[in-house]
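# Observations on the model geometry
Read off the chains here:
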Amino acid sequence: MSFLELKDLQVHFPTDDGLVKSVDGLSFALERGKTLGIVGESGSGKSVTSLGILGLHKGGRAKLGGEIWLDGEELVGASAEHVRTLRGKKMAMIFQDPLSAMHPFYTVGSQIIEAYRIHNDVSKKVARKHAIDMLGRVGIPQPDRRVDSYPHEFSGGMRQRAMIAMALSCDPELLIADEPTTALDVTVQAQILDLMRDLQRDFNAALIIITHDLGVVAELADDILVMYGGKCIEYGTAEDIFERPEHPYTWGLLGSMPRLDRDRTERLLPIKGSPPSLINVPAGCAFHPRCTFEDRTGGKASTEVPQLVETEGGHLVRCHLPRDTRRSIWETEIKPSLEAS
Amino acid sequence: MVTYIIRRLIWSVVMLSIVSIITFAIFFLVPRLAGATSEDMAARYVGRTASAEQVKVAAEKLGFNDPLIVQYGRFAKGIVAGADYDYGPGVERCPAPCFGYSFLTRLPVWPDLLDRLPVTISLALGAAVIWVIAGVATGVLSALKRGSFFDRAAMSIALAGVSMPIFFTGMVSLVLFSYGLKITVAGGTYTPFLTNPATWAYDLLLPWITLAFLYAAGYARLTRAGMLETMNEDYIRTARAKGLRERTVVVKHGLRGALTPILTIFGLDLGLLLGGAVLTESTYSLPGIGKYAIDAIGRQDLPQVMGVTLVAAFFVVVANLVVDLLYAVVDPRVRLV
Amino acid sequence: MQKTTRLGAAALSAVLALGLAACGGGSTTTPTSSGAPAAGGATGEFNGALTAVVNPSDKKGGILKLANAGDWDSLDPGDTYYGYSWNFIRLYGRSLVMFKSAPGKTGNELTPDLAEGLGTPSDDAKTWTYKLKAGVKFEDGTPVTSKDVKYGVERSFDKEVFPDGYTYFNDFLNWPKDYKGAYKSPDANTDSAIETPDDQTIVFHLKQPLSNFDYFAQLPATIPVPKAKDTGAKYKEHVIATGPYKFDKNEIGKGFTLVRNDQWDPATDPNRKALPDGYDVATNVNADDIDNRVLAGDLDVDVTGTGVQPAALGRILPDPAVKAGTDNPTGTRLWYTSINGNVPPLDNLECRKAVEYAADKTALQTAWGGEFAGGQIATSLLPPSIPGHEDFNTWVPGADNKGDVTKAKEALTACGQPNGFETNISYRAERPKEKAAAEALQQSLGRVGIKLTLKPFPQTDYFALYAGKPGYAKDNKLGLAMNGWQSDWPDGFGFLQQIVDSRVIRETGGSSNVSVRDPEVDKLIDQAMEQTDPNSRNGIWTQIDKKVMDDAYILPNVWAKALLVRSKNATNVFVNDAYGMYDYLGMGVK
Ligand SMILES: Nc1ncnc2c1ncn2[C@@H]1O[C@H](COP(=O)(O)OP(=O)(O)OP(=O)(O)O)[C@@H](O)[C@H]1O
Ligand code: SF4
Ligand SMILES: [Mg+2]
């Protein structure tokens, strides 16, 4: 069994409007030292998944189903208190917007110290030294001084470094980074990604990077999972996804991938339409209302839910199009247009 | 920081001067504009059927014949430099700050105010402790158990608490506990803390609870709203992700985040209350600043009114200053400039 | 705003009624543990304390608890001008003479206090001599001399220091020219006004004959003040006692306590029983709260004696058991309507008669607050408690007091105004009851065609500039004016002189007499002032009362009444007619 394994994970929220199926049958596995990229549009369930792994839905309104295995332990059925003791220690998380994710009223240092002292019975002084060390390691200059600064006194990049320092303070074996660079500008993005890569190597942790930007995971991820409407629609190695993507949605993502040589906001092939409702999920293939190739499935797309099937060596795809059709579309229609640009 | 405080203090003095001028104008200038002569004004401060001569003498004695600016100047000078008062057989020195002599009792106002201050402070602080603890705790629980029976019940009571006037709750509590069950001293009374701390607390219990009820209700609502907001903040998720115990998350991160508006309101509430819990003090016959104010206004005893207004304004101004300073303590993002 | 206030008040009284039901039930059905066996009966019946002593007892000890909704005007004998204060001051101060501490009319009688006897007048009633008792001492043991009495009167002259007090002595004694009182004219020779030939004798010299000077001699200003201990405006903080009690703690604005004065010698004082060991007085207490506490037995006396608040009234009257513990004395205040003979057609007696006949007195009574809190329907000027009062009704407004329309119309015809006439009625804008009374008159006089227009004026200038200024009243046709008067003591002079003597009317305004101009009345007043025999004098006051009513210059409305609650814990409870409230000198503690 892998270090982390999700089996048919379901996170459903009962609301006044109906049941929100934010994550609906998600499975994947991840080993120590490996990096998984989870990619998807806003609302596809990425964050809900990561919070689910951390057990942060426990005690809330969410209905959880399936299994989460971490280092041989099942977490969905485990007690909230037990999962809490794992949080921050065995698994840690880095959030998207470091400004709002850090408490504005406490110094950066004290927030790291707090995180460290929950799981380590040490004096404040020791913890403080540790916090300074960590800040140094994530590349904050003069960490012994900046340890007493407040989050708002940091720049965006420094704040994200501090967040990383906080997450890594207890040496976690699983690190989930939920859009760690979205709020940062491009150059800082690259620095943070470099930093994460280095740290992952040092700590030998399993890393999940969540993003809606394929570019972020292009260099970092070993495997990539593409999510749509709470479900996995394509899974494979980074090479699979970038070189041989087979799902129309993934093609869309690739098309809308910003390039360093382009204006960030300019999109080549924007995906038309908007993400699906999670309450009234479109019948059949959830993507079909937006899919350019829906007509090539012979009407199945709007009636029958496609299954996630292996196309080749661990590469999974959820689409009614026959495998050859997908490949030929990629080779003849999509890839050339991407390269042309 | 120091310059900030100095500037604020100077500003406070300006504010207090403005308040004193406005108060003075309301009681001295407005009647004049309405056509009252100095005798008309003096007529209030003589016996119940005074002769015209008597009124004339009083007008002269009270200085009503001087130009208004001279009258105000005399008042202001008394505060800064003290004043002399002719009490008949001799002249008495009223040291600064001299808020003048009551037109009616002809006793200096300042000692009266000092004398009444402990009552109001006892009442306000005691009630504040109760309402902050009760209100905030209720608000936090309500927010955490949002939609539950507890939440609904607490918020209904809070709504009632906010909307019920103190003279009503006060009278009801007196009828029930004081006259009815005879648990507390009939009608309310005050024992100085130093005389007997136990009796002090016992005597103030009913006023404390009544007053605290009114405020606790508001604080519960405020806290609940604030908590609902902060508990949805990203930093709460971060705190949980660290593996903090839920109680720590709620108190150290959630409540701390919701504290700023509560603190602001608390500072102002307390400042206003220290300037006199008028209704509570009159309902329970507590000889505090508020009772003094209402009595003074009822009798139109101007020096008393001026004195009590200034003391009340002083507390409000100081409360504002303290709140602003505390702001910076509570929220490090706030810069005092 | 108005609505919420009323709603609040209604809710409040509902709650209070509830509370009372709870308390009242307990105290009436089961004898309370504290009460003596006679408690139920001894509480007496409604108005039981008007003419008799309720709970008579000679038991000494206990503390009597009193409360005042406002502040004392002053505790200084030279600076106090409220009946309740004069009633109460007898506990710590002894004036030359005093009102007897007894129920009913006996309370109106003067009896010597510091003096050995009532004053001895000269033949012209311009000089009055009093001999002081021997053995009277101040609380510090110093003997009281006539010089201390003289000093007390002299210091009270200074209205700059003592603005609350009355000016009887200032006005009537023969002071040297430019005299300014004990503080500002310390070296003046005042023998022309007051002589003290020896330590036990004091002689007052008046500017004019004053047959009733003994009433002056009961004024608190004759309470001796030791010059050495006088602190002027601050003396009220510690008045040096001559009575059976002295000040212990005194916090102006909050309250004070009296304790026994060991220098008081009962042998010199047949008037005071001095039963309680002390008095505990709170000032500035919420008025409704006072009522609640007195009703609950936690407090003994609402010291101002002006009656309960409307909230308590609503609880007392419907419950016979509670009502039995109250008294409803008629005071020395008359609410009336002046009928101004200067304003035509009211210069014609027949037209004034029409007003007297047409007025619905029951409606007026209601306007003033009803039978218990408003007053008793008045048929003449002098209130029943003042010597000289006689029951007569010159212009009977119908058998049911609702006005005699027929007689009024006859009078109008005789006046030459058969269809009525138009005039104005003034009242003090700040006084809702005066307004209600004016409206009641508007209503009832309207029945015979007398059309009244309401004219409110500010009360501070009511007499100085409007109703009391003859020129203004005439020019603005203020034919009727709402008015009220209370005497400082129960005596025809004190009650009538200021409101019926035409010589007090000044063109510049300010007089309370706005309508009575009858030279015969003036003449009668002079006679009374010279008549030193009280009985003959009182006869003259009766005559004056009748004459003014014959002239129809005044339409009496009501003699004010107040509903007083008898203490559950007090003994010797009775109403003293001189003050129209419970006698504070007699009361003891169970
Ligand atoms: N507590 C909740 N109650 C109801 N619905 C929820 C809750 N939390 C999340 N959702 C819904 O679940 C869906 C997935 O949300 P999630 O935050 O996982 O999206 P995401 O993929 O992280 O998007 P983004 O890129 O915007 O962060 C959204 O439609 C969201 O509205
Ligand atoms: S199943 Fe049809 S609609 Fe869905 S992605 Fe494939 S082609 Fe598009
Ligand atoms: Mg997200």
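Preceding this paragraph is the structure being described.
Bear in mind that the values here come from a model prediction, so they are computed numbers and not experimental data. (Residues numbered from 1 in each chain as written. Chains lettered and ligands numbered in written order. Predicted model: local features only at pLDDT ≥ 70, side-chain atom pairs only at ≥ 80, totals over all residues. Heavy atoms only, no water.)

### A short note on the site of ligand 1
Residues and elements named next belong to chain A. Around ligand 1 lies a shell of 14 residues, among which Ser22, Ser42, Gly43, Ser47 and Val48 are the nearest. Ser42 places a polar side-chain atom, nitrogen or oxygen, 2.4 Å from an oxygen atom of ligand 1. Contact between ligand 1 and Gly43: an oxygen atom at 2.8 Å from a main-chain N or O atom of the residue. Considered on its own, ligand 1 offers 630 Å² of accessible surface; in the complex 67% of this is hidden by protein. A class-by-class count of the residues in the shell around ligand 1 yields three nonpolar, seven polar and four charged. (Near = heavy atom within 4 Å. Polar contact = N/O pair within 3.5 Å; in protein donor to acceptor, adjacent residues only side chain to side chain. Areas by Shrake-Rupley, 256 points an atom, 1.4 Å probe, with all protein chains shown as cover. Nonpolar A, V, L, I, M, F, W, Y, C, P; charged D, E, K, R; others polar.)

### Some words on the arrangement of the chains
Contacts are most numerous between chains B and C, considering all two pairs of chains that are in contact. Contact between chain A and chain C is absent, and the least distance between their C-alpha atoms amounts to 40 Å. (Contact = heavy atoms within 4.5 Å.)

### Brief notes about the sheet that holds strand E11 (residues 301–302) of chain C
All names here are of chain C. Pairing is mixed in the open sheet, where five strands are placed in the order E8-E9-E10-E1-E11. The sheet terminates laterally at strand E8 (245–251) and E11, the two strands that pair on one side only. Pairing between strand E1 (residues 63–68) and strand E10 (residues 278–283): six bridges, direction parallel. Along E10, the bridge assignment pairs Ala67 with Ala282. (Pairing = 2+ DSSP bridges. Helix = DSSP H or I, 4+ residues; strand = E, 2+ residues; numbered from the N terminus.)

### What about the interface of chain B and chain C?
Contacts between the two partners involve 39 residues from chain B and, on the opposite side, 41 residues from chain C. Summing both sides of the interface, chain B and chain C together bury roughly 3,600 Å²; the carbon and sulfur share of this comes to 55%. Our count for the contact surface shared by chain B and chain C stands at five salt bridges. The salt bridge partner of Lys254 of chain C is Asp115 of chain B, with a shortest N-O separation of 2.8 Å. Scanning the region where chain B abuts chain C turns up 11 residue pairs in polar contact (both at pLDDT 80 or more). Secondary-structure elements contributing two or more residues to the side of chain B that touches chain C are helix H3 (52–61), helix H5 (109–144), helix H7 (166–180), helix H11 (278–283) and helix H12 (289–299) of chain B. Top contributing element to the side of chain B that touches chain C by residue count: H7 of chain B, with seven residues. A class-by-class count of the residues in the side of chain B that touches chain C yields 17 nonpolar, 11 polar and 11 charged. (Buried area = accessible area lost by both parts, 1.4 Å probe. Salt bridge = Lys/Arg side-chain N within 4 Å of Asp/Glu carboxyl O.)

### With respect to the site of ligand 2
Taken together, His247, Pro248, Cys285, Phe287, His288, Cys291, Phe293, Thr297, Ala301, Cys319, His320 and Leu321 of chain A make up all the residues around ligand 2. In the shell around ligand 2, the residues fall into eight nonpolar, four polar and no charged.

### Remarks on the packing of aromatic side chains
Residue and element names in this part refer to chain C. Enumeration according to the criterion identifies 59 aromatic pairs over all chains in this entry. Judged by centre distance (5.8 Å) and plane angle (65 degrees), the rings of Phe46 and Phe372 are edge-to-face. Separated by 326 residues along the polypeptide, Phe46 in the loop between helix H2 (39–42) and E1 and Phe372 in helix H12 (residues 370–373) bring together distant segments of the chain. By relative accessible area, Phe46 is classed as partly exposed at 24%. Relative accessible area serves as the criterion here: at 16%, Phe372 is assigned to the buried category. Their ring planes at 75 degrees and their centres at 6.3 Å tell us that Phe172 and Phe493 sit as a pair that is edge-to-face. Taken together, the positions of Phe172 in helix H5 (residues 168–172) and Phe493 in helix H17 (residues 492–500) put the pair 321 residues apart, joining distant regions of the chain. By the burial criterion, Phe172 is buried, and Phe493 matches it. (Phe/Tyr/Trp six-rings, centres within 6.5 Å; stacked < 30°, edge-to-face > 60°. Buried < 20%, exposed > 50% of the residue type's maximum accessible area, 1.4 Å probe, protein only.)

### Topic: the pairing of E8 of chain C
Residue and element names in this part refer to chain C. The sheet contact formed by E8 and strand E9 (residues 255–260) spans five bridges and is antiparallel. The partner of Asn250 across the bridge, within E9, is Phe256. Here E8 folds back onto E9, and the loop between the two strands holds three residues, one of which, Gly253, carries a positive phi near 100 degrees.

### Observations concerning the pairing of strand E4 (residues 63–70) of chain A
For a regular strand, side chains alternate in direction, first toward one face of the sheet and then toward the other. Residues and elements named next belong to chain A. Direction of pairing for strand E1 (residues 4–15) relative to E4: antiparallel, over a ladder of seven bridges. Within the sheet, the bridge partner assigned to Leu6 lies in E4 and is Ile68. Hairpin connection of E4 to strand E5 (residues 73–74): two residues between the antiparallel strands, including Asp71 at a positive phi of 50 degrees.

### Here's the deal with the state of the cysteines
Scanning the entire structure with this criterion turns up two disulfides over all chains. Note on cysteine connectivity: Cys94 of chain B is disulfide-linked to Cys98 of chain B, with sulfurs 2.1 Å apart. Its torsion about the S-S bond being 110 degrees, the disulfide of Cys94 of chain B and Cys98 of chain B is classed as right-handed. An identical accessibility class is assigned to Cys94 of chain B and Cys98 of chain B; each is buried. Paired by a disulfide, Cys351 of chain C and Cys415 of chain C hold their sulfur atoms 1.9 Å apart. For the disulfide bridge between Cys351 of chain C and Cys415 of chain C, the dihedral angle about the S-S bond is near -95 degrees, and by the sign convention the bridge is left-handed. With Cys351 of chain C in helix H10 (residues 349–358) and Cys415 of chain C in helix H13 (residues 405–415), this residue pair connects regions lying 64 residues apart in the sequence. Accessibility classification places Cys351 of chain C together with Cys415 of chain C in one group, the buried group. In this structure Cys232 of chain A is a free cysteine whose sulfur lies 13 Å from that of Cys285 of chain A, the closest cysteine sulfur available. (Disulfide = S-S within 2.5 Å.)

### Structural notes on a nonpolar patch on the surface
On the surface, a cluster of nonpolar side chains totalling about 1,000 Å² of accessible area is made up of Met1, Val2, Ile6, Ile10, Trp11, Val14, Met15, Ile18, Ile22, Ile26 and Val30 of chain B. Its place among the elements puts Val2 of chain B in helix H1 (residues 2–33). (Patch = residues over 30% accessible without salt bridge, like charges linked within 9 Å, V, L, I, M, F, W, Y side chains within 5 Å.)

### Things to note about the interface of chain B and chain A
Contact residues are listed per partner, giving 21 residues for chain B and 25 residues for chain A. Interface area, chain B with chain A, both sides summed: about 2,200 Å², of which 60% is carbon and sulfur. Looking at the side of chain B facing chain A, the largest losses of area belong to Arg237, Lys242 and Pro332 of chain B, adding up to 28% of the total buried there. At the surface where chain B touches chain A, the tally comes to three salt bridges. Note that Arg245 of chain B and Glu81 of chain A form a salt bridge whose closest N and O atoms lie 3.7 Å from each other. At the level of secondary structure, the elements contributing two or more residues to the side of chain B that touches chain A comprise helix H9 (234–241) and helix H10 (246–274) of chain B. Here the side of chain B that touches chain A is built from residues that sort into five nonpolar, six polar and 10 charged.

### Some words on the pattern of salt bridges
All names here are of chain C. All told, the structure shown has 63 salt bridges over all chains when counted by the stated rule. Where Lys150 meets Glu154, a salt bridge forms, and the shortest distance between an N and an O atom there is 3.9 Å. In this pair, Lys150 and Glu154 both sit in helix H4 (residues 146–156), four residues apart, roughly one turn of the helix. You'll find Lys150 and Glu154 in the same group, each marked buried. Lys353 is the salt-bridge partner of Glu350, the closest N and O atoms lying 3.3 Å from each other. In this pair, Glu350 and Lys353 are both assigned in helix H10, three residues apart and thus about one turn of the helix distant.

### Here's the deal with the environment of Leu220 of chain A
Residues and elements named next belong to chain A. Its location among the elements puts Leu220 in helix H9 (residues 214–220). For Leu220, a relative accessible area of 8% gives the class buried. When the C-alpha positions of Leu220 and Pro180 are compared, they lie 13 Å apart, and in sequence the two are 40 residues distant. The contacts of Leu220, once residues within four sequence positions are left out, are Thr35, Leu193, Arg197 and Ile209.

### Describing unusual backbone geometry
Backbone torsion omega between Ala96 of chain B and Pro97 of chain B reads -5 degrees, so that peptide bond is classified as cis. Following the sequence through the fold, Pro97 of chain B ends up in the loop between strand E2 (91–94) and H5. Residue Pro345 of chain C is reached from Pro344 of chain C by a cis peptide bond, and omega for that bond is 5 degrees. Along the chain, the position of Pro345 of chain C falls in the loop between strand E13 (330–339) and H10. Phi at Asn401 of chain C takes a positive value of approximately 65 degrees, unusual for a residue other than glycine. Relative to the helices and strands, Asn401 of chain C resides in the loop between strand E14 (375–377) and H13. Even without being a glycine, Ala552 of chain C presents a positive backbone phi close to 55 degrees. Here Ala552 of chain C shows up in the loop between helix H19 (534–551) and strand E18 (554–561). With a relative accessible area of 0%, Ala552 of chain C lands in the buried category.

Remember, this is a structural readout, not a statement about activity or role.
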